[in-house]
Structures are given as structure tokens and as C-alpha cells.
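Fold and contact review
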Amino acid sequence: MLDAFSRSVVSADSSTAAVSDLQKLRDFVSSGNRRLDAVNAIASNASCIVSDAIAGMICENQSLIQAGGNCYPNRRMAACLRDGEIILRYVTYALLAGDASVLDDRCLNGLKETYAALGVPTSSTVRAVQIMKASSSAHIQDNPSEARAGKRLRKMGTPVVEDRCASLVAEAGSYFDRVIAALS
Ligand SMILES: CCC1=C(C)/C(=C/C2=NC(=C\c3[nH]c(/C=C4\NC(=O)[C@H](C)[C@H]4CC)c(C)c3CCC(=O)O)/C(CCC(=O)O)=C2C)NC1=O
């Protein structure tokens, strides 16, 4: 598993060069508190993000919870919710490290094959991941939709910067896209 620092050492070493991309690491450090807030915004709302995404996926395709569907019976429903939590957890690890390797190596490696063997529909999983991506972005921006959240609306109250952490939203989005690409 690599992070932003070990990644730059490994890539320098692979060309027998001195570490050179120090400006990138300097930016990584100076925006570190924003990154921690972004990770916290996802982690503290994880159960809501996951249950909302799986519920949305099922609303759009109710055959999943009927006989023969892959979220039926409850044992499979529980496995699906658990998988949603696992995926979201590894996305937060990658966002914290500033590097996708932990997500690739420990979560995505072989997942498509496992799902194929178990008959888990990857298109539905992709839909759930898309919803988790959308709500995680809203939480990082601390701008969850009042229309969607209703009484459960929860804001982190972090200081809002002008760009609403656009680069961290994009980076987190790229990790969700990686999950989608690995399953597609
Ligand atoms: C560390 C990384 C890691 C991952 C990612 C992981 C996934 C994983 N998901 C599994 C099952 C499963 N995963 C699902 C998931 C779903 N079914 C649906 O219809 C939805 C589309 C979807 C939820 C979004 C289901 C239903 C099962 C049980 C399948 C079965 O036993 O028939 C299994 C088989 C073993 C088990 O049931 O526990 C694994 C290994 N395990 C790991 O250790």
C-alpha cells in the first residue's frame, strides 16, 4: 500500500532519480486539514450514505428484493449493505492517503470475478456506487440537498472555502470512478 509520500519515493527510485515532485507533496501537506475534513465528512455519514445508496438502487430495480433477486433473502441484503460499507471505507482510506493503491489492492483486486462467481449484478452495484459518489460529494462540500435529506439533513459545519474543496471532491470522485471501472 502506498500513500502520496511513498508513491513519490517509489517512482523516483524506479528511474534512479532523486525525489523531485516536492511541490506536489508541499500542496498535499498544506491542504492536509481540508483532506481530513473531507474524510471525516464521508466517514461520519457513512451509514446514511450507504443505506441511502442501496435503498435507491432497490427502488429503481425492485426485482432485487424479490425471489431470485440478489438482495433476497435478508442474508443477501445484509451482504449487499456490508459490501457498500466496505467499498465506501476503502474510498476513504484512498482519500486519506492521497493514493488509490489501498483501494486497488485490498478491495477491487478480484472483486469483479467474485461477483461473477456469486451472481451479484455488477450493474446494480455500479448504480449504488454512483449514488454514494453523489452523496459523498455533497457531504465533502458540506452542502447536502435539503430536498433529498428532509428531516435527516446533517451538516458538518466545517468552514466553507470558496471552491468548496473542488479538488478533493474531484479526487474522491476519481476513487468512486475506479470502483465503477473495476466492475464494468
Ligand atoms: C475487503 C474487500 C472485500 C469485498 C469488497 C468483499 C465482497 C464480497 N461480497 C460477497 C458477497 C455478496 N455481495 C452481495 C452484494 C450485492 N448484491 C446485490 O444485489 C447488490 C447489487 C450488491 C450490493 C450493492 C451479495 C448479495 C453477496 C452474497 C451473495 C451470495 O451469497 O449469494 C462476498 C462473498 C462472501 C460473503 O458472502 O461474505 C465477498 C468476498 N469481501 C471483501 O473482503
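Residues numbered from 1 in each chain as written. Predicted model: local features only at pLDDT ≥ 70, side-chain atom pairs only at ≥ 80, totals over all residues. Heavy atoms only, no water.

To be explicit about the condition: UniProt positions are given in the numbering used here, feature names are shortened, and annotations may be inferred rather than shown by experiment.
The name given to the chain in an unreviewed UniProt entry is Phycoerythrin beta-subunit, with the source organism recorded as Synechocystis sp. PCC 9413. Taken verbatim from the UniProt record of the chain, the Sequence similarities (unreviewed entry) comment is "Belongs to the phycobiliprotein family."

**Focus: the UniProt feature "modified residue: N4-methylasparagine" (unreviewed entry) in the chain**
The condition is simple: Put simply, DSSP H or I for four residues or longer makes a helix, DSSP E for two residues or longer makes a strand, and each gets a number counted from the N terminus. Exposure classes here rest on a 1.4 Å probe applied to the protein chains alone. A residue is buried below 20% of its type maximum, exposed above 50%, and partly exposed in between. In this analysis, two residues are considered to be in contact whenever any of their non-hydrogen atoms come within 4.5 Å of each other. Two N or O atoms count as a polar contact when they lie within 3.5 Å, although within protein this holds only if one can serve as hydrogen donor and the other as acceptor, and sequence-adjacent residues are included solely when both atoms are side-chain atoms.
Here the UniProt feature "modified residue: N4-methylasparagine" (unreviewed entry) sits at Asn70. By secondary structure assignment, the location of asparagine 70 is in the loop between helix H4 (46–60) and helix H5 (74–97). The class for asparagine 70 is buried, based on a relative accessible area of 18%. Beyond its immediate sequence surroundings of up to four residues, asparagine 70 is in contact with Leu64, Arg76, Leu118, Gly119, Val120 and Pro121. At a separation of 3.1 Å, a polar atom in the side chain of asparagine 70 contacts the main-chain carbonyl oxygen of glycine 119.

**Re H4**
Owing to its 3.6 residues per turn, the α-helix brings residues three or four apart onto one side. For clarity, the threshold we go by: In this scheme, a helix's expected span is set at 1.5 Å multiplied by one less than its residue total.
The terminal C-alpha atoms of H4 lie 21 Å apart, and with 15 residues this matches the ideal 21 Å at 1.5 Å per residue to within 8%. Residues of H4 that are buried sit in contact with helix H3 (32–43), H5 and helix H8 (122–140).

**Here's the deal with the environment of tyrosine 72**
Considering the arrangement of structural elements, one finds tyrosine 72 in the loop between H4 and H5. Residue tyrosine 72 is classed as partly exposed on the basis of its relative accessible area of 40%. Filtering out sequence-adjacent residues up to four positions away, tyrosine 72 remains in contact with Leu64, Ile65, Gln66 and Ala67.

**Some remarks on the environment of glycine 68**
Counting through the fold element by element, glycine 68 comes out in the loop between H4 and H5. For the pair formed by glycine 68 and serine 145, sequence separation is 77 residues and the distance between their alpha carbons is 34 Å.

**Regarding the site of the ligand**
Convention followed: For each residue, the test is whether any non-hydrogen atom lies within 4 Å of the molecule or strand; if one does, the residue is near. Areas reported here follow the Shrake-Rupley algorithm with a probe of radius 1.4 Å; residue values treat only the protein chains shown as occluding. In the scheme used here, Gly and all other residues not listed as nonpolar or charged are polar, with Ala, Val, Leu, Ile, Met, Phe, Trp, Tyr, Cys and Pro taken as nonpolar and Asp, Glu, Lys and Arg as charged.
Near the ligand lie 23 residues; those nearest to it are Asn70, Arg76, Cys80, Arg82 and Asp83. Here an oxygen atom of the ligand sits 2.8 Å away from a polar atom, N or O, in the side chain of arginine 82. Between aspartate 83 and the ligand, the recorded distance is 2.7 Å, taken from a side-chain N or O atom to a nitrogen atom. In isolation the ligand offers 880 Å² of accessible surface; the protein chains occlude 77% of this area. A class-by-class count of the residues in the shell around the ligand yields 14 nonpolar, 4 polar and 5 charged.

**As for the side chain of glutamate 171**
As for its placement among the helices and strands, glutamate 171 is situated in helix H10 (residues 166–183). A distance of 2.7 Å separates the side chain of glutamate 171 from the side chain of tyrosine 175, its partner in a polar contact. If sequence neighbours within four positions are ignored, glutamate 171 has contacts with Arg35, Ala94, Leu95 and Gly98.

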